[in-house]
Amino acid sequence: MTAAGLDKAGGVRLRVDLDAFAANVEAVRERVAPAELMLVVKDDAYGHGLACIVERAVMEGVRWFGAFDVRAGMVARRAAGEDARIFAWLTVGAHEIRSALASSIDLGVGEAEFLADIAEVARETGITARVHLKIDTGLHRNGIRPEDWADVLRAARGFEDAGLIRIVGVWSHIAEASDDEDDAARAAFDDAVAAAEGEGFTLEVRHLAASAASFARPEYRYDLVRVGAFCYGIRSAGGPGEDELGVRPIASLVAPVTSVDGEGASVAVGALDGLPSTLAGRVSFGGHVVRRIGETASQLVRWPGVTVGDEITVFGGAGSSATDLAEAIDTVGEEILVRISPLVRREYH
Ligand SMILES: *Cc1c(COP(=O)(O)O)cnc(C)c1O
């Protein structure tokens with residue numbers, strides 16, 4: 001086959017099955033009800049493409065989106081329309097706060113100074129900020145320490161009374177490490193919620209759990225669960241399988257065979273497309289052992305009947321899942337997906 005022919009057949013592509021995505025979303029929502037789903041769309045919707053994922057989720061009735069940063073939040077806002085709630089939990093500087101307020105993005109706040117910055121921008125712009133206060137329940141990753149919580153609530157009370165902010169939520173993130181640690185985190189979370197309510201805030205949403213805890217632990221669901229991985233059909237490494245979760249992978253990475261020699265077959269996907277080269281020797285693509293992953297091509301062990309132009313499934317479909325690959329190199333499935341280069345064409349069907 002000529003180079004042009006290969007081009008027409010397509011090089012490496014990530015195929016995203018939006019109906020499978022919708023089915024996963026439905027399975028997660030059924031599981032967590034009456035808690036509501038916040039679909040987490042950070043890292044370009046875990047590599048699946050933010051705008052298309054958000055548009056489909058809105059069609060399925062998803063109302064909350066978790067966008068990590070304000071830039072992604074603004075893309076999500078454009079895709080989701082005005083009625084959706086967009087939550088961003090990493091905001092840097094007054095400029096981003098202004099953008100967030102202009103796009104009606106709910107802000108996660110894990111620092112007292114940041115709350116004051118938001119109030120300042122709200123005063124300037126005349127837009128009341130919707131704020132979700134984050135309590136540090138033990139992860140020590142951007143959250144208000146329990147010993148500072150009461151002071152921050154008092155400051156928030158002042159800002160809310162002045163019409164600058166509205167405290168609509170209390171949230172945190174748990175390690176999902178051991179049940180004991182998670183239970184301690186949940187107790188700290190409950191204390192923080194009680195203190196906020198004691199301060200007179202009418203909380204619209206309390207949210208703590210991501211995929212694993214929201215699936216397995218009903219008491220972690222509260223009003224809202226922030227789920228990414230399971231909605232994309234990415235199971236946790238070492239956790240329950242797709243059948244038990246009731247979800248399936250929605251993306252497959254495919255690439256054509258570009259040459260065949262006595263030794264093996266060369267496939268047009270490599271490290272520059274985002275494949276970890278450490279997968280070599282540890283996994284198979286489409287059932288064929290991977291011997292080497294170069295920058296733009298991978299060498300597979302030769303198999304009978306292989307011809308140039310054959311399409312190989314790197315992961316997804318009926319083959320290995322992203323998490324299967326991840327487990328071979330001691331990482332997690334989302335790590336495989338978010339590393340797929342933005343230059344790799346996404347196809348939706
Ligand atoms: C990534 C993330 C989630 C979603 O985690 P999954 O395990 O993919 O469901 C939820 N909350 C926060 C704060 C996150 O960073």
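For the structure itself, consult the block above.
Residues numbered from 1 in each chain as written. Predicted model: local features only at pLDDT ≥ 70, side-chain atom pairs only at ≥ 80, totals over all residues. Heavy atoms only, no water.

(A) Region of interest: helix H5 (residues 70-80). Within H5, burial applies to Val70, Ala72, Gly73, Ala76, Arg77, Ala79 and Ala80. Glycine 81, located one to two residues past H5, shows a positive phi value of around 85°. (Buried < 20%, exposed > 50% of the residue type's maximum accessible area, 1.4 Å probe, protein only. Helix = DSSP H or I, 4+ residues; strand = E, 2+ residues; numbered from the N terminus.)

(B) Seen up close, the pairing of strand E14 (residues 298-301). Where burial is concerned, the two faces of E14 differ: the one with Ser298 and Leu300 is buried and the one with Gln299 and Val301 is not. Pairing between strand E11 (residues 264-267) and E14: 4 bridges, direction antiparallel. Bridging across to E14, alanine 265 finds its partner in leucine 300. In terms of strand pairing, strand E13 (residues 288-293) meets E14 through 3 bridges, oriented antiparallel. By the bridge assignment for E14, isoleucine 293 is matched with serine 298. (Pairing = 2+ DSSP bridges.)

(C) Main features of the environment of aspartate 44. Along the chain, the position of aspartate 44 falls in helix H3 (residues 42-46). In this structure the C-alpha to C-alpha distance between aspartate 44 and alanine 72, which are 28 residues apart in sequence, comes to 7.7 Å. Residues contacting aspartate 44, with those up to four places away along its chain left out, are Gly49 and Leu50. A polar atom in the side chain of aspartate 44 sits 2.9 Å from the backbone nitrogen of leucine 50. (Contact = heavy atoms within 4.5 Å. Polar contact = N/O pair within 3.5 Å; in protein donor to acceptor, adjacent residues only side chain to side chain.)

(D) Just the site of the ligand, in detail. The environment of the ligand is formed by Val40, Lys42, Tyr46, Trp89, Trp171, His173, Ala210, Ser211, Arg226, Val227, Gly228 and Ala229. Lysine 42 is positioned with one of its side-chain polar atoms (N or O) 2.7 Å from an oxygen atom of the ligand. A distance of 2.5 Å separates an oxygen atom of the ligand from a polar atom in the side chain of tyrosine 46. Taking 380 Å² as the accessible area of the ligand by itself, protein coverage stands at 88%. (Near = heavy atom within 4 Å. Areas by Shrake-Rupley, 256 points an atom, 1.4 Å probe, with all protein chains shown as cover.)

All quantities given are derived from atomic positions and should not be read as evidence of function.
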